[in-house]
Amino acid sequence: MTTDNTIVPAPADQAAPPQDHAARNKLVISLLLVSAFVVILNETIMGVALPHLMHDLDITAGAAQWLTTAFMLTMAVVIPVTGFLLQRLNTRPVFILAMSLFSAGTLISAIAPGFAVLVIGRIVQASGTAIMMPLLMTTVMTLVPPESRGKTMGNISIVISVAPAIGPTISGLILSVLDWRWMFILVLPIALGALALGAKRIVNVTTPKDAPIDVLSVVLSAIGFGGFVYGLSGLGEAAHHPTPVSPWIPLLVGAAVIAVFVLRQISLQKQDRALLDLRTLTSRVFTISVAMMAILMMAMFGAFILLPIYLQNVLGLSTLQTGLLLLPGGLVMGLCAPTVGTLFDKYGPVPLVIPGAVLLSIALWGLTFVQQDTSVWLLLAAHLTLSVGLALMFTPLFTVSLGSLPPNLYSHGSAVIGTAQQVAGAAGTALFVAIMTLQATSLTNTGADILTATTGGIRSAFLCGAIISLGAVAAALFIKKPAPRAMPAEFAPGH
């Protein structure tokens, strides 16, 4: 690798004493963590609100689902471009761009006069969210030394795992007393505050380079990943009712265009001109870690959509009760993450990832036995087990995946991880919903009542997730801590 591609500290900070660097780095990472938590929270906050929006905006369930689908679709389209953005622009302008887009989207959503404008607001929100997470991970890998990355990545795990987990709880609490617009009104001052504080306090900790952008790669990325995620989302919708276009068409077109995109990146990366440098995948540890994270996202988003359906449609719990029942799992992930990070720094990934994969699989297999009268306490135990399993895996996987790459590929590695997560999340949601609906329809056609059919469909969907989880258990056996890399000369004190 040439040193031209290496991300280096900003020249203005090179003469600063080490303690100043430490204080600066801590401030930058803390501001990025808070901002990322706010933006990621919005990815799942809409799920519980869909029934309210269907009534207030007079729209169908299929249309309402686009408030979530459009968000995920935009994330899948924008994230592959962030590898280029993080190389071309410096830390502060990228942060301002991300939080400005998110704040603008939140404002548009809060004042939206109708459904179409609300969807536009969600798309603008997602554009900012898509930039924030790769920015956070790339900055951490650039600033934090390998021996203490686990603890910092533990904090990132709080953002990535807890924010989506508590999104339904927060929206349930808000909707129990306020109008749906308050989900955006309450977030807006927090987002604007983070933008103002970050614009004032965040300093540039990377040096941009003149990275040319390949327009054809951007177009291929948008069509490929956008079409693929749209097709996956359509599979879940098609299981409910016929769609204007078969979801298999955008799914297959998206897959074909992704293949062309990959071939073009392989060609361009020889001249260091790739939009998304796929040399990251030549690292075995990185590839296995990303595959495991994809399985985790499928399981997590699948469970997030199935459990509320089961709790409300089968057990008859209210929206608020459902949110409160799922809250302990999110809190457990948050409480576990820093400890997991510390344990990773001390013992490495193996003692964490393997038990985590086993707990994940046990929880999903346990959920395949749900009945119409299953105790909520058993469901709470299963959800807590699932949450602990996820907490044990997220931090080590993030750390070893990016830690196995050279510094000049951190931004591209972050983009690959983000893209894989969005595609896997969409796939998990679509797959679980489709299996649940198809099985429930089949049982209804054989004379089963609605509760029996719904329960049977949910059991089948969890069975699919449990089978997929076995892949995570197998992959966990191959995770290992990457060998320490020598610090590039550009990072040496006083260079």
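Residues numbered from 1 in each chain as written. Predicted model: local features only at pLDDT ≥ 70, side-chain atom pairs only at ≥ 80, totals over all residues. Heavy atoms only, no water.

Engineer: How would you summarise the overall build of the protein if you had to cite specific residues and measurements?
Structural biologist: Helix and strand counts for the protein come out as 17 helices and zero strands. The proportion of buried residues among the 495 residues of the protein is 57%. Restricting to contacts in the protein with at least 6 residues of sequence separation, those with at least 24 account for 84%. A total accessible area of about 19,100 Å² is found for the protein, and carbon and sulfur atoms account for 70% of it. (Helix = DSSP H or I, 4+ residues; strand = E, 2+ residues; numbered from the N terminus. Buried < 20%, exposed > 50% of the residue type's maximum accessible area, 1.4 Å probe, protein only. Contact = heavy atoms within 4.5 Å. Areas by Shrake-Rupley, 256 points an atom, 1.4 Å probe, with all protein chains shown as cover.)

Engineer: Can you explain the nonpolar core? Please cite residues and give values.
Structural biologist: By size, the foremost hydrophobic cluster in this structure holds 130 residues, and its most contacted members are M99, M132, I156 and M292. With 21 residues, helix 12 (residues 284-314) is the largest single contributor of residues to this core. Aside from chain neighbours lying at most four places away, what touches M292 is V353, M393, L397, A472, A475, A476 and I479. In terms of nonpolar packing, the next biggest core, distinct from the first, is built from 19 residues, M46, A64, V119 and W180 among them. (Core = buried A, V, L, I, M, F, W, Y, C linked by side-chain atoms within 4.5 Å.)

Engineer: Kindly report on helix 4 (residues 66-88), identifying the contributing residues and their values.
Structural biologist: With 23 residues, helix 4 extends 32 Å from end C-alpha to end C-alpha; this agrees with the ideal 33 Å at 1.5 Å per step. Approximately 40 degrees is the largest bend angle found in helix 4, and it occurs at V81. With 20 of 23 residues buried, helix 4 lies mostly within the body of the structure. (Expected span 1.5 Å × (residues − 1). Bend = angle between axes of the 7 residues up to and from the residue.)

Engineer: Explain the side chain of T280 to me, using residue names and the numbers behind them.
Structural biologist: Along the chain, T280 falls in the loop between helix 11 (248-268) and helix 12. Under the relative-accessibility criterion, T280 is labelled buried at 0%. With residues up to four places along the chain from it excluded, the contact list for T280 reads F286, L405, L409, H412, G413 and V416.

Engineer: I'd like a rundown of the pattern of salt bridges, residues and numbers included.
Structural biologist: Under the definition given, this model contains two salt bridges. Close ionic contact of R264 with D214 constitutes a salt bridge, the shortest N to O distance being 2.7 Å. Taken together, the positions of R264 in helix 11 and D214 in the loop between helix 9 (187-201) and helix 10 (215-240) put the pair 50 residues apart, joining distant regions of the chain. Salt-bridge contacts for D277 lead to R279; the nearest nitrogen and oxygen are separated by 2.6 Å. (Salt bridge = Lys/Arg side-chain N within 4 Å of Asp/Glu carboxyl O.)

Engineer: Break down the environment of A461 for me, citing the residues and quoting the values.
Structural biologist: Summarising the element assignment, A461 is placed in helix 17 (residues 450-476). When residues no more than four places from it in sequence are discounted, the contact partners of A461 are L306, F432, I435 and M436.

Engineer: With reference to specific residues and values, describe the packing of aromatic side chains.
Structural biologist: To describe a pair of aromatic rings, you give the distance between the ring centres and the angle between the ring planes. Under the defined criterion, the tally for this structure stands at three aromatic pairs. Seen from their ring centres, W180 and F184 are 6.4 Å apart, and the 85 degrees between their planes marks the pair as edge-to-face. Using a relative accessible area of 3% as the deciding quantity, one classes W180 as buried. A relative accessible area of 0% places F184 in the buried class. Aromatic pair F394 and F398: ring centres 6.0 Å apart, planes at 15 degrees, arrangement stacked. Taken together, the positions of F394 and F398, both in helix 15 (residues 376-403) and four residues apart, correspond to about one turn of that helix. Judged by relative accessible area, F394 falls into the buried class, the value being 0%. (Phe/Tyr/Trp six-rings, centres within 6.5 Å; stacked < 30°, edge-to-face > 60°.)

Engineer: If you had to explain the confidence of the model for the protein to someone new, which residues and values would you point to?
Structural biologist: When the pLDDT values of the protein are averaged, the result is 81; 90% of them are 70 or greater. When mean pLDDT is compared element by element in the protein, helix 14 (residues 350-367) scores highest at 93, while helix 3 (residues 61-64) scores lowest at 68. This model gives residues 1-19 a pLDDT under 50, and the stretch forms 40 contacts once residues within four places in sequence are excluded. Predicted confidence is poor over residues 486-495, with pLDDT under 50, and the contacts of this stretch with residues over four places away or in other chains come to 14 contacts. (pLDDT = per-residue confidence, 0-100.)

Engineer: Which residues make up the packing of helix 12 against helix 16 (residues 410-445), and what are the values?
Structural biologist: Direction vectors running N to C along helix 12 and helix 16 enclose 40 degrees, while the axes themselves pass 7 Å from each other. Comparing the axis directions of helix 12 and helix 16 gives the class oblique. The handedness of the crossing between helix 12 and helix 16 comes out as right-handed. Residue classes in the contact of helix 12 with helix 16 are distributed as 20 nonpolar, six polar and no charged. (Axes fitted to C-alpha atoms, helices over the stretch in contact; angles between N-to-C directions. Parallel < 35°, antiparallel > 145°, perpendicular 65-115°, else oblique. Left-handed = near helix turned anticlockwise from the far one by under 90°. Nonpolar A, V, L, I, M, F, W, Y, C, P; charged D, E, K, R; others polar.)

Engineer: Break down helix 14 for me, with residues and values.
Structural biologist: Given 3.6 residues to a turn, an α-helix orients residues that are three or four positions apart in the same direction. With 18 residues, helix 14 ought to run about 26 Å at 1.5 Å a step, and its terminal C-alpha atoms sit 26 Å apart, in line with that. Residues of helix 14 that are buried: L352, V353, G356, A357, L360, S361, A363, L364 and L367. In an axial view of helix 14, the angular spread of the buried residues amounts to 160 degrees, which keeps them on one side of the axis. Buried residues belonging to helix 14 abut helix 12, helix 13 (319-347), helix 15 and helix 17. (Arc of directions from axis to C-beta.)

Engineer: Any details on the packing of helix 12 against helix 17? Residues and values, ideally.
Structural biologist: Contact geometry of helix 12 with helix 17 gives a least axis separation of 10 Å together with a crossing angle of 160 degrees. In terms of their interaxial angle, helix 12 and helix 17 are classed as roughly antiparallel. For helix 12 against helix 17, the interelement crossing comes out left-handed. Packed against helix 12, whose contacting residues are I288, M292, I295, M298, A303, L306, L307, I309, Y310, N313 and V314, the element helix 17 presents L451, T454, T455, I458, A461, F462, I468, S469, G471, A472, A475 and A476 at the interface. In terms of residue class, the contact of helix 12 with helix 17 is built from 18 nonpolar, five polar and no charged.

Engineer: Requested: an account of the side chain of T82, with residues and values cited.
Structural biologist: Looking at the element boundaries, T82 is found in helix 4. A relative accessible area of 1% means that T82 is categorised as buried. From its side chain, T82 meets the backbone oxygen of I79 in a polar contact 2.6 Å long. (Polar contact = N/O pair within 3.5 Å; in protein donor to acceptor, adjacent residues only side chain to side chain.)

Engineer: A description of a nonpolar patch on the surface should follow, citing residues and the corresponding values.
Structural biologist: A grouping of I213, V215, L216, V219, I223, V245, I249 and V253 is seen on the molecular surface, where their side chains present a nonpolar patch of about 670 Å² in accessible area. Mapped onto the nonpolar patch, the elements with two or more residues apiece are helix 10 and helix 11. Assignment of secondary structure puts I213 in the loop between helix 9 and helix 10. (Patch = residues over 30% accessible without salt bridge, like charges linked within 9 Å, V, L, I, M, F, W, Y side chains within 5 Å.)

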